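# Structure assessment
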Amino acid sequence: MGVRSDQSPLSSRAYETLLDGAETYREALVVRLCGEVGLGPAELVRLTVDDVEQVRIDPPRYLVRVPGDDDRERRTAYLPTHVEREIRRYARSNGLTADDRIFSVTPRRLQMLVSDVTDRASEIHDEPALADVSTNDLRRFFARRALVDHDVNPRAVKAAGGWRSFEALESYLREPTDSELVDAFEAVERPSPARSEENVGRPGSVVSDDSVVRLLLAASDRYALVRLDAEGYVDRWNRSAAALFGYRAGEIVGTHVSTFYTDNAVDAGVPDRVLSSAIAESGHEVDGWRVHEDGSRFRATEVVVPLRGERGRHSGFAVFVRDVSRTHDRLEELRTEREELERRTAIARCHREITQALLDSANHEELETNVCTALAAGDAYSFAWIDRSTLTDGRREWRASSGIPPASADRIVPEEWRGDGANEVSEPERRIAIVNGVSDTLEGEEFDGSLARVALSTGETTYGTLTVGTDRTGAFDGDERRWLETVGRQIGAAIGAIRRRTHMLSDRVVELELACRDAGSFFVDASRRLGCRFELDSLVPVSESTQLYYLQLEGASPGEAFDLAVENASVEEFRLIDAGEGRSRVEFVLDGRSPALTLTEYGATVTDAVFDDGVATITAECGVDADIRTIVDGLRAVYPDSSLIGKRETERAVRTAREYREGIADRLTDRQEAALRAAYFGGYYDWPRESTAEEVADAMGITSPTLHSHLRKGQHELLRTFFDDPESDDRDPS
């Protein structure tokens, strides 16, 4: 297996044994480039990654453009596919760019590297002859294997190996036998096929005709490869192109490539730019809309490669077109889904910020300002503003805004929202209003989008309106509308809570006296129709919109009042509590609007009310910091025939715990107090009870009925002292 003279070059078995001596990628790559590509050390050191070129697509084939020097011109060598992969792998491992030299050493250093490999292989396999193998021996191995083992054309071997003449190859070529001579000239005996310019091989073409044919044969109705001439006109068409575009060859050959582009793309000069870019870049890839024969569009990826003739002249283009409509549609769906998720995320984040703004706000004005800031600060909305529900003397008292100057809001409000009552959206079916296609210039920037206006309400009371603007497409769908309606109710509830809190924490209060003659109030209407009088004993809130009334009725029978209650939708329940001579105590449950409910929702506390012959005189308290004008205007918005009769500021009555206990002691008899104390400390009021009434009565030495009488009267006095003014009622609780 040893290495002999020039006439007996390295054998295939010896070459494989030699590769075993390579310990690194670099050593193996140098040996392969010499023994399988035919390159010498002086050529290897000039080689860059960019010198490797793919010249066929299917199957992939590669050449290496070997740079020249002062003595030799640039030449081309064939690069086996597996060696090309080794070069790419080596380049990636060492972080080489396209312009970097693959081996940045001297030719002498590469010769020494090969010598190290041969010495190592000789020792491993105990083959002393391997130690004498040089880079020249590896090049001769390349020539012998190509000529003898694979019968490669000697002219191709000479060009690939860079030999100046055939003399270096002569020793590998044996004399042909008679049979081989006859077979070699068999082609002379057959007619020569017609040769056109199109099927003549073009050395140096970027894409050769045989690879084009393979691609055309493999094409489907979603792929096409079209041949253009140098001016961009179709000169080759096949079934795959016909299936994709819809034209027959006779209809399309000779037509310019712009036929496949949309009118807008043609007007913009896109086809000519694509062809120019393909020439300048030795190939160009573009994505865009293309047109079928029937005028319908499809999405395509297009690769345009220039073709060159024998002398390197530009001779046309190969255009590879792939229908990617399905992929494009799916990407658009995913993009839409992503945008929808981003929109929902922005809205959810905005909702969280609004909730925090409500919690951080100390008063009505601060709440409105914080809410507008939270809405405009995120990605969901461009701007926001809040208007109070009422206007005084035609002048707006307050407007909170963010992202838009307060004065600019009037300019952008659509026509259908203008006019009297334009800010009112209190009816259930009008909790939110949407207007699309709003355009204006705000702060020097163009706004083109949509507006949504939502009521800020709690129960039946509307405090104002919130307006938001966005330039998002498809804004304010069903889910977003419901979210905005929820936000409107949250803000309304927060405003009501702030007003009530302000009232409760005030050391001084303002007592308001109001008159209401509006027939929309059940008690006003009933007192006028019956000519009677209702006097409020107590008002108990049951829910957000339901209130329980205890009243004294004079001037009419309870039955007459109950008959009118049956006709009124706002009255849910009613009953007679006590019928006296000329005066009855009645109970009504009202659900929905009432003057007392409206005042309560605006932060006032109703302390007294009299409904007499069609006129309600209502006394209510509010904090000294409360906006009285807003309260009164809010009542008028629901009950227009209402007015403020008077107001006065007064100290809030505060009873200490000692005063409360002393008041109770004055109201209780000794036996009542003793019975309550025995029952309380005896566990009668615990659950489960620790003592029965009989056990407590026995301990006190009284009967059970007597104990129950003392307990009932004592409990009544406790509750009277808590809920009423003890001095104003001396009725016998029995």
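To keep things clear, this report deals only with the structure shown in the data block. (Residues numbered from 1 in each chain as written. Predicted model: local features only at pLDDT ≥ 70, side-chain atom pairs only at ≥ 80, totals over all residues. Heavy atoms only, no water.)

### Some words on the sheet that holds strand β18 (residues 583-591)
- As summarised here, the arrangement of the eight strands in space is β17-β18-β16-β15-β19-β20-β14-β21, forming an open sheet in which the pairing is antiparallel. Of all the strands in the sheet, the pair left with one neighbour each is β17 (571-579) and β21 (642-651). Strand-to-strand, the axes of this sheet are offset by a mean angle of 20°, without reference to chain direction.
- Bridge count for strand β15 (residues 533-541) against strand β19 (residues 605-612) is three bridges, and the pairing is antiparallel. In the sheet register, R533 faces β19, and the bridge partner there is D612.
- Packed onto the sheet, helix α20 (residues 558-567) meets β15, β16 (546-554), β17 and β18 and runs at close to 175° relative to β17.
- Contacting β14 (508-516), β20 (615-623) and β21, helix α22 (residues 628-638) crosses the sheet at an angle of about 150° to β21. (Pairing = 2+ DSSP bridges. Helix = DSSP H or I, 4+ residues; strand = E, 2+ residues; numbered from the N terminus. Axes fitted to C-alpha atoms, helices over the stretch in contact; angles between N-to-C directions. Contact = heavy atoms within 4.5 Å.)

### Considerations on the side chain of H256
- Within the secondary structure, H256 sits in the loop between α12 (249-252) and α13 (263-267).
- The exposure class of H256 is buried, given its relative accessible area of 15%.
- Contacts of H256, omitting those with residues within four sequence positions, involve E231, G232, Y233 and D272. (Buried < 20%, exposed > 50% of the residue type's maximum accessible area, 1.4 Å probe, protein only.)

### Structural notes on a nonpolar patch on the surface
- On the surface, a cluster of nonpolar side chains totalling about 390 Å² of accessible area is made up of Y680, F681 and Y685.
- You can see F681 is positioned in helix α24 (residues 670-681).
- What makes F681 exposed here is its relative accessible area of 60%. (Patch = residues over 30% accessible without salt bridge, like charges linked within 9 Å, V, L, I, M, F, W, Y side chains within 5 Å. Areas by Shrake-Rupley, 256 points an atom, 1.4 Å probe, with all protein chains shown as cover. Salt bridge = Lys/Arg side-chain N within 4 Å of Asp/Glu carboxyl O.)

### Some words on a negative patch on the surface
- A surface patch of negative charge is lined by D116, D119, E123 and D132.
- As for its position among the elements, D116 is in helix α5 (residues 107-125).
- Its relative accessible area of 37% is what places D116 among the partly exposed residues. (Lys, Arg positive; Asp, Glu negative; His and termini not counted. Charge placed at Lys NZ, Arg CZ, Asp CG, Glu CD.)

### Overview of the nonpolar core
- Within the largest apolar cluster, 71 residues are counted, with the highest numbers of intra-cluster contacts made by L375, Y381, L466, F534 and F588.
- No other element matches helix α18 (residues 478-505), which puts seven residues into this core.
- Apart from residues lying up to four places away in sequence, L375 is in contact with C350, I354, Y381, A384, L466, V468 and W483.
- Counting 38 residues, the second-largest nonpolar core is a separate cluster that includes L18, L19, L44 and I102. (Core = buried A, V, L, I, M, F, W, Y, C linked by side-chain atoms within 4.5 Å.)

### With respect to helix α7 (residues 154-161)
- Three or more residues of α7 are buried, namely V157, A160 and G161. The arc enclosing the buried residues of α7, seen along the axis, measures out at 85°, which places them on a common side.
- The opening residue of α7, the one whose side-chain oxygen lies 2.7 Å from the backbone nitrogen of R155, is N153. (Arc of directions from axis to C-beta. Polar contact = N/O pair within 3.5 Å; in protein donor to acceptor, adjacent residues only side chain to side chain.)

### Points about the sheet that holds strand β2 (residues 61-66)
- What the three strands build is an open sheet, ordered β1-β2-β3; its pairing is antiparallel. One side of each edge strand has no neighbouring strand; the edge strands of this open sheet are β1 (52-56) and β3 (75-79). In this sheet, adjacent strand axes meet at a mean angle of 35° when their direction is disregarded.
- Alignment of β2 against β3, held across five bridges, turns out to be antiparallel.

### Some words on unusual backbone geometry
- Cis geometry marks the peptide bond from W687 to P688; its omega dihedral reads 0°.
- Its place among the elements puts P688 in the loop between α24 and α25 (693-700).
- For D126, which is not a glycine, the phi torsion comes out positive at approximately 55°.
- By secondary structure assignment, the location of D126 is in the loop between α5 and α6 (135-149).
- One non-glycine residue, D151, adopts positive backbone phi at about 55°.
- Summarising the element assignment, D151 is placed in the loop between α6 and α7.
- For D151, a relative accessible area of 66% gives the class exposed.

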